[in-house]
Structure formats: C-alpha cells, structure tokens
Amino acid sequence: MNKKYILVTGGLGYIGSNTVAILKKNKFDIIILDNLSNSNKTSLRNLRKILNKKIIFIKDDVRSKKINNIFQKYKIYSVIHFAGLKSVKESEKRKKSYYDNNINGTKNLLNCMVRNGCYKIIFSSSACVYNEKSKSPLNENSSLKPKSYYGVTKLKIEKILKGYKKKYPKFSCVILRYFNPVGADKTNTLRDNPKKAENIIPNISNVIKGEKRIFNIFGNDYPTKDGTCMRDYIHIIDLASSHAKSLSIIKKNIFEIINVGTGKPYSVKDMVNCFNKYLNKPITYNFSKRRVGDVAICYSNIKKQRKILHFRPKYGLDEMVKSVIKSLNI
Ligand SMILES: NC(=O)c1ccc[n+]([C@@H]2O[C@H](COP(=O)([O-])OP(=O)(O)OC[C@H]3O[C@@H](n4cnc5c(N)ncnc54)[C@H](O)[C@@H]3O)[C@@H](O)[C@H]2O)c1
C-alpha cells in the first residue's frame, strides 16, 4: 500500500500514451484506465516496450461505479484525466453521448477520488473553449464561448473542477488548454490515428499514404500572410512534457488553468510547404470555400506556461513534420 501511482484515464489514446511515455523517469508507477473506445492494446504493447517499468492496465469506463475499487486498491498520488470523446463534428450529432462520456464520466471520477482521499488532478481541456471573436494571442483570461458542443463539455468540466476546489480546499488541479498537437513519440509508434480524418495532419497523412489524392485547403482569402488559416501547432512530445511539469507543481495545492502551445502560428500553406521539404513526392492540394466556424488566426499567449509550469516547448515545425512522416512508416 506504500507505493504510489499515477492514474491515467484514456492513457492508451494519442496524448495519454505519449504522456505515459514521458513519465518514464517519474518515480510513480502507472495505472492506465481506458475503455478502448478510441484506442487498442497495440499502444499498451508499445508503451511496455518503451517504459522499463510496471504499467497496470484496467479496461473500464470512467463512468463505471467499479472504478471506485481502483482508488481503494491502489494509493493514487494524482489522476491525469484524458478519457473522453473529442470529435468536434461528431459532438453536434451525439450530444447525449458527449455529455455522458465527458461530463458524467468526470463527475464519477471526481466522486471516487475525493471519497478515497485523492485530491490531485490534471485535466485535458482545449483551446476550443475560447470565444472565436477573442483576439490572438489568447491568454487564459480571454473571453470564453465554445462554438462546438465538444467545447461546451470541456468548459462545463472546467467549472465542475472549480466547484470541487471551493468545496474541498485540499483539492489541487491543473487544467491544460491544449492547442494543436502534432507528431509522435521518439519510437514513432504512439501516433494519432483517428478513424475519420477531421484535422489537418490526419488529412495530409492520408494524402501521403496515397489514400487520398488531393489535400483540400479550406479558404485562401483569410487576412493572413498567404490567405490560409494560421494555428498554433505543438509537438506531441512537448505537449506530453507539460503534464510531467504539471505533476511537479500540483503538490502545492493549486488551481491553475494554463494554455499549452508554442505561441507561434503557422499557416496551412506553411505546413504543406514544410512537408514538401521532406517528401519525395510533393503533396497536391487545392482550395475550396472557407469552412464555417474557422477563424483566420488562433494561437496562444505562452507567458503563463513559462511562469507557472516552467515549460518551454523544445521542438519547431520541422521536427513536428519529420515526426509525422516517420510515424507513417512509408
Ligand atoms: N487531440 C487533440 O487535438 C486535443 C486537443 C485538445 C484537447 N484534447 C483532449 O485531450 C484528451 C485526449 O485526447 P486524444 O487526442 O489523446 O484522444 P484519444 O481519443 O486518442 O484518447 C482518448 C482515450 O480515452 C479513451 N476513452 C474515451 N472515453 C472513455 C471513457 N468513457 N472511459 C474510459 N476511457 C475512455 C479512448 O479509448 C482513448 O484511448 C481528450 O480529453 C481530448 O478531448 C485533445
């Protein structure tokens, strides 16, 4: 019972597995809780190869009452909570399911935590909680107004966490608002592999793999340097490291909301050009009309991540792109 663990919910998913890989040198052992709804045991096998330490895997759902047993059986130092549904598009059609998975799942997890004396949590929020009218660089006090139902669930969870901090003074919480993760771990095995490509990297990857012929860019008439949208991309290894940093500050009994990005926006065309530097066959692209809901520029103010998390991303766009290409195994 003396041994302490980190419980990683959703730890076999893209960001979760990369975070577990980063925790290699951390003194705690790892318990992964995942219902495998958007992952499979290949990442567990890959993680066991990468990590030379014990990983306990529990296949269950964060909404299950049974997860109380995990807290009874193991001394959990902190939870890192990734488990949830994440598709912006799908969230509009399956609101109930998103509410249940994301919000009810988190409530159940929090109840089990406090019932068993675990008061530390790091939560995966998203830049999509911000109001699209807020001007970039977005800081943590920029106005909030999620556009998608997915974003609504993230903001609601942030509020629930605030409520826990009020109710339980011992409660300690770091909410990370991620910008756009790109790439894979150093072994190139822990990569984003969505069933449906909604975002830029999975779409570009499909063209590189030959599964799609042309990469479609939505809009070339935005008020940016080349007319295409600009975003804040962050290497997955950097994003994963921000959780290790969060674990080191969470002992101080805090409640912090922190953006995690690089603070440097790149356009869609920058991204394509960067890929083309490293590919034998350049990516063919065309332009279509603007996509509803896309803003011209969105990137993070990174002062708080520097000051509070002592975190500075190490990798730039070239490393992100090279990492994606390597992970495709082509
Ligand atoms: N990927 C991004 O661009 C991004 C950006 C901002 C925030 N986030 C958030 O970060 C977290 C992780 O994202 P990801 O990209 O790794 O997603 P992912 O889908 O790859 O990983 C989520 C994992 O959680 C598991 N899961 C889902 N619902 C569950 C449940 N009810 N019980 C137990 N396990 C469950 C899935 O099987 C999966 O392994 C999510 O909460 C997501 O909303 C992701």
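Rules behind the numbers
Residues numbered from 1 in each chain as written. Predicted model: local features only at pLDDT ≥ 70, side-chain atom pairs only at ≥ 80, totals over all residues. Helix = DSSP H or I, 4+ residues; strand = E, 2+ residues; numbered from the N terminus. Buried ≥ 20, exposed ≤ 12 C-beta atoms within 10 Å, placed from the backbone. Core = buried A, V, L, I, M, F, W, Y, C linked by C-beta atoms within 7 Å. Domains from an automatic or database assignment. Contact = placed C-beta atoms within 7 Å. Near = placed C-beta within 6 Å. Nonpolar A, V, L, I, M, F, W, Y, C, P; charged D, E, K, R; others polar. Axes fitted to C-alpha atoms, helices over the stretch in contact; angles between N-to-C directions. Parallel < 35°, antiparallel > 145°, perpendicular 65-115°, else oblique. Left-handed = near helix turned anticlockwise from the far one by under 90°. Pairing = 2+ DSSP bridges.

Caption draft 1: Quick look at the environment of Ile30. Relative to the helices and strands, Ile30 resides in strand β2 (residues 29-34). Note on Ile30: 22 C-beta atoms within 10 Å, which makes it buried.

Caption draft 2: Quick peek at helix α1 (residues 14-22). Extensive coverage of α1 is indicated by the burial of nine of its nine residues. Here α1 has its buried residues at Tyr14, Ile15, Gly16, Ser17, Asn18, Thr19, Val20, Ala21 and Ile22.

Caption draft 3: View of unusual backbone geometry. Following Ser136, the chain continues into Pro137 via a peptide bond in cis, with omega recorded as 5°. Located in the positive-phi region is Asn253, a residue other than glycine, with phi close to 60°. Look at Asn329: it is not a glycine, yet its phi comes out positive at around 55°. On the secondary structure map, Asn329 appears in the segment after α11 (317-328).

Caption draft 4: Representation of the nonpolar core in the model. Ranked by size, the top nonpolar core spans 82 residues in total, and within it Leu7, Val8, Ile30, Val79, Met113 and Ile122 carry the most contacts. Residue-level mapping places this core at the junction of two domains, with at least three residues from each of domain 1 (4-182 + 233-260) and domain 2 (200-232 + 263-301 + 315-328). Residues contacting Ile30, with those up to four places away along its chain left out, are Tyr5, Ile6, Val8, Val20, Leu23 and Ile55.

Caption draft 5: How the structure looks around the site of the ligand. Around the ligand, the surrounding shell holds 28 residues, and the nearest of these are Gly10, Gly13, Ser39, Ser124 and Ser126. Looking at the shell around the ligand, the elements with two or more residues in it are α1, α5 (95-115), β5 (120-126) and β7 (180-182). A per-class count over the shell around the ligand returns 10 nonpolar, 14 polar and four charged.

Caption draft 6: Local environment of the packing of α1 against helix α2 (residues 41-50). Where α1 contacts α2, the axes come no closer than 10 Å and their chain directions differ by 15°. Taken together, α1 and α2 sit at an angle that is classed as roughly parallel. Two packed elements cross with a definite hand, and for α1 against α2 that hand is right-handed. Between α1, through Ser17, Val20 and Ala21, and α2, the contact on the second element is made entirely by Ser43, Leu47 and Ile50. The residue inventory of the contact of α1 with α2, partitioned by class, reads four nonpolar, two polar and no charged.

Caption draft 7: Layout of the sheet that holds β5. The strand order across the open sheet formed by seven strands is β3-β2-β1-β4-β5-β6-β10, and the pairing between neighbours is parallel. Of all strands in the sheet, those with a lone pairing partner are β3 (55-59) and β10 (255-260), marking the two edges. Strand-to-strand, the axes of this sheet are offset by a mean angle of 20°, without reference to chain direction. Where strand β6 (residues 172-178) and β10 come together, six bridges link them in parallel fashion. The residue bridging Cys173 from the neighbouring strand is Phe255, located in β10.

Caption draft 8: Quick peek at the domain arrangement of the protein. Split by domain assignment, the protein resolves into domain 1 (4-182 + 233-260) and domain 2 (200-232 + 263-301 + 315-328). Computed over C-alpha atoms, the centres of domain 1 and domain 2 are 27 Å apart. With 16 residues of domain 1 at the contact, the number on the domain 2 side is 18 residues. Put simply, the parts of the chain that give the side of domain 1 that touches domain 2 at least two residues each are β7, β9 (230-235) and α8 (236-249). With three residues, β9 is the single largest residue contributor to the side of domain 1 that touches domain 2. When grouped by side-chain class, the residues that make up the side of domain 1 that touches domain 2 number eight nonpolar, five polar and three charged.

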